[in-house]
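Results of the structural survey
Chain by chain, the residues run as shown.
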Amino acid sequence: MANCLDSVVFLVLLSALMPAILSSPRPFNSVDRTEDAPRVNGSMESSHRPSSRPGVKSAGGCGYNEWACASGDECIPWRWQCDTFNDCADASDENMCFECDTGSRKKRQSKNSQRRPPGTKKNLVPWNWICDGIRDCVDGRDELNCDCGQGLFSCLGANGVICVANSWKCDHILDCKDYKDESIAECGSIESRCWEGALVCAHGQFCVWQEWHCDGSNDCGDGSDEINCAKSENQNSNIVMAAWNPTSPAPTTTTTAATTTTTTPVPVGVWGSWTDWSACSEFCDGEKTRTRICLTVQLCEGPTSETTNCGDPPPCYTEPMTGCGARQVNAYVGSHRIIGGSPAVTGAWPWLVQLKKENTNTPYCGAVLIDNLWVATAAHCIVGMGFHLYPDMLKLMVGKHYLTENSYDPHEQARKASSIIIHSGYNQYTVNNDIALVKMDQPVEYAEGGINLICLPESGEEFSEHSICYTAGWGLTEEKVQSHVVQEVKLPLVPHDTCNQPQSYNSYVTDKMLCAGKMAGGVDTCQGDSGGPLVCEKADGRWYLVGITSWGRGCGEANYPGVYTKVSMYMDWIRQKMDQYK
Ligand code: ARG
């Protein structure tokens, strides 16, 4: 519940502000990359460097203000990238640096300089700071050549920024030193785009053809396709990185009377994980496919793809690009839809809104855009034991992908509340009627790929168990922290009776609530997600507001799926209130 969140929010907030409190003022003419202090009134000019940005390896288990080394095992303070000290065991923090011609990037803060002597070169910036719209080099070189014009994009060449044709992207031929044309971020996961027997480069961004192994050219860009070239039939190349199987059987030698022949035992390779199931086939015959690749040079046993029926009725919808419930971004790219919760594609849930208490930097609840002036949320996000939020205590953030305001969300819009309507039947003990409407002081502007409204269900509409439903939010994850970017999870709707069984919620779930998740547990919303939407896709390809995150026992526990306010039971109420407070 919202009140149980206060301490979490406070701690997150405190840790977000600490670096700002400790740091020194920033020098003239450079952008401050050291702090993650809240930015002033959401203005881009005064923005601070976000701690995790598009293109940077997502900070997995790393904390706020930290950067994940390429190995994924270590976190270093974010500003230690390209400071000429190898902080990561794999030196990845000093690997991909770009040199400004003159001047330098921002000085290291004094606390840090005490830790060790200053580096020799102070004019290096990480490659992914290039052409990100923020000038980091005093000479501005990191933002030169960035606007390549139609059909071209900018990336790092041998001597600075170059323009490369869009058609050269994702063709497994490396054109950019920073891997931008072949990166996972640009082209999708290794599993989704490589093929059996392909060589996955050590940097893990893309793969090349087996024939390119040891052909004398550095095709991977990191030289990993040119190592272990000793020519022996049976020698395993170790360029196959992810799941290299060092225990593969060694060749055996059989001696017969006449000849000596060497036979290699049938090698057993290692499969990569299956991709997500594809969307149902386009022609609505209800088939879906998933694939996997063999990660090793040894052959893998078994099929590389699998096809199955999609269920009844087959969820085989084409998503429209305009109108309510349209996502306007290709949210199916890569393998993002992983059961258990994973970062959403930017803009995938454009109706998702953050509720914040005035003067805080992280949201405490979610909400959903149902009109350009109105959001729906949970009543318990507004009132509870010993608290009641009034309009001037509330801030709404629309168009967010990142958790905090001091990060870059191009479509972000902040609004104040002008009216709050709590359902008069809300009962904080039974949690019945856990719904509220918030009217904003000014309409939000829809932005393609960033902000859109959700479709509302019919009054009394029931959604089938086979519906494809998702929820998203910035609430606590398995690691018990709020994630930097919005998380999404696919949740099946749980039949009412199943959810009310004695070993489950034992009749506590009223007919104005619904359950979603798995009886086995593992997928759920959690503290901080409250008020956010549970949306399901209908045959018109649009997403509809089916539930509002309300309560649950624990998070992701077996037998206790999440419980949501059943929106179709409140359609008359919603319409009437929006009309009354027009
Ligand atoms: N009440 C929680 C909140 O205030 C959300 C709970 C959802 N819990 C669950 N297990 N689905 O954020």
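Residues numbered from 1 in each chain as written. Predicted model: local features only at pLDDT ≥ 70, side-chain atom pairs only at ≥ 80, totals over all residues. Heavy atoms only, no water.

1. So, the overall build of the protein
Tallying secondary structure elements over the protein gives seven helices and 28 strands in all. Here the protein holds 582 residues, and 49% of them are scored as buried. The contacts in the protein between residues at least 6 apart in sequence include a share of 57% that link residues at least 24 apart. If you sum the accessible surface of the protein, you get close to 26,600 Å²; carbon and sulfur atoms cover 53% of it. (Helix = DSSP H or I, 4+ residues; strand = E, 2+ residues; numbered from the N terminus. Buried < 20%, exposed > 50% of the residue type's maximum accessible area, 1.4 Å probe, protein only. Contact = heavy atoms within 4.5 Å. Areas by Shrake-Rupley, 256 points an atom, 1.4 Å probe, with all protein chains shown as cover.)

2. As for the site of the ligand
Taken together, 17 residues sit near the ligand, with Asp 524, Thr 525, Gly 528, Ser 530 and Gly 554 positioned nearest. Within the contact set of the ligand, an oxygen atom lies 2.6 Å away from a side-chain nitrogen or oxygen of Ser 530. At 3.1 Å from a nitrogen atom of the ligand is found a main-chain nitrogen or oxygen belonging to Ser 550. Out of a free accessible area of 350 Å², the ligand has 99% covered by protein chains. For the shell around the ligand, the leading source of residues is strand β27 (residues 543–551), giving three residues. Residues that form the shell around the ligand fall into these classes: five nonpolar, ten polar and two charged. (Near = heavy atom within 4 Å. Polar contact = N/O pair within 3.5 Å; in protein donor to acceptor, adjacent residues only side chain to side chain. Nonpolar A, V, L, I, M, F, W, Y, C, P; charged D, E, K, R; others polar.)

3. What to know about the environment of Gly 221
Tracing the sequence through the fold places Gly 221 in the loop between β8 (207–208) and β9 (252–255). Residue classification places Gly 221 among the partly exposed residues on the basis of a relative accessible area of 34%. With 45 residues separating them along the chain, Gly 221 and Cys 176 place their C-alpha atoms 8.8 Å apart. In this view, Gly 221 contacts Leu 174 and Tyr 179; residues no more than four positions away in its chain are not counted.

4. Thoughts on the pairing of strand β25 (residues 513–516)
Residue alternation in β25 divides its side chains into two sets, Met 513 and Cys 515 and Leu 514 and Ala 516, and both sets are buried. Bridge count for strand β24 (residues 493–494) against β25 is two bridges, and the pairing is antiparallel. From the neighbouring strand, Leu 493 faces β25, where its bridge partner is Ala 516. With four bridges connecting them, β25 and strand β28 (residues 562–566) associate as antiparallel partners. Bridged to Leu 514 within β28 is Tyr 564. (Pairing = 2+ DSSP bridges.)

5. Some words on the sheet that holds strand β21 (residues 436–440)
The strand order around the closed barrel formed by six strands is β14-β15-β16-β21-β20-β19, and the pairing between neighbours is antiparallel. Averaged over neighbouring strand pairs, the angle between their axes works out to 40° when direction is ignored. One ladder, built from five bridges, connects strand β14 (residues 352–357) with strand β19 (residues 394–398); its direction is antiparallel. Bridging across to β19, Val 353 finds its partner in Val 398. Strands in contact with helix α7 (residues 571–580) are β16 (374–377), β20 (413–422) and β21; relative to β21, the strand with the most contacts, it is inclined by about 30°. (Axes fitted to C-alpha atoms, helices over the stretch in contact; angles between N-to-C directions.)

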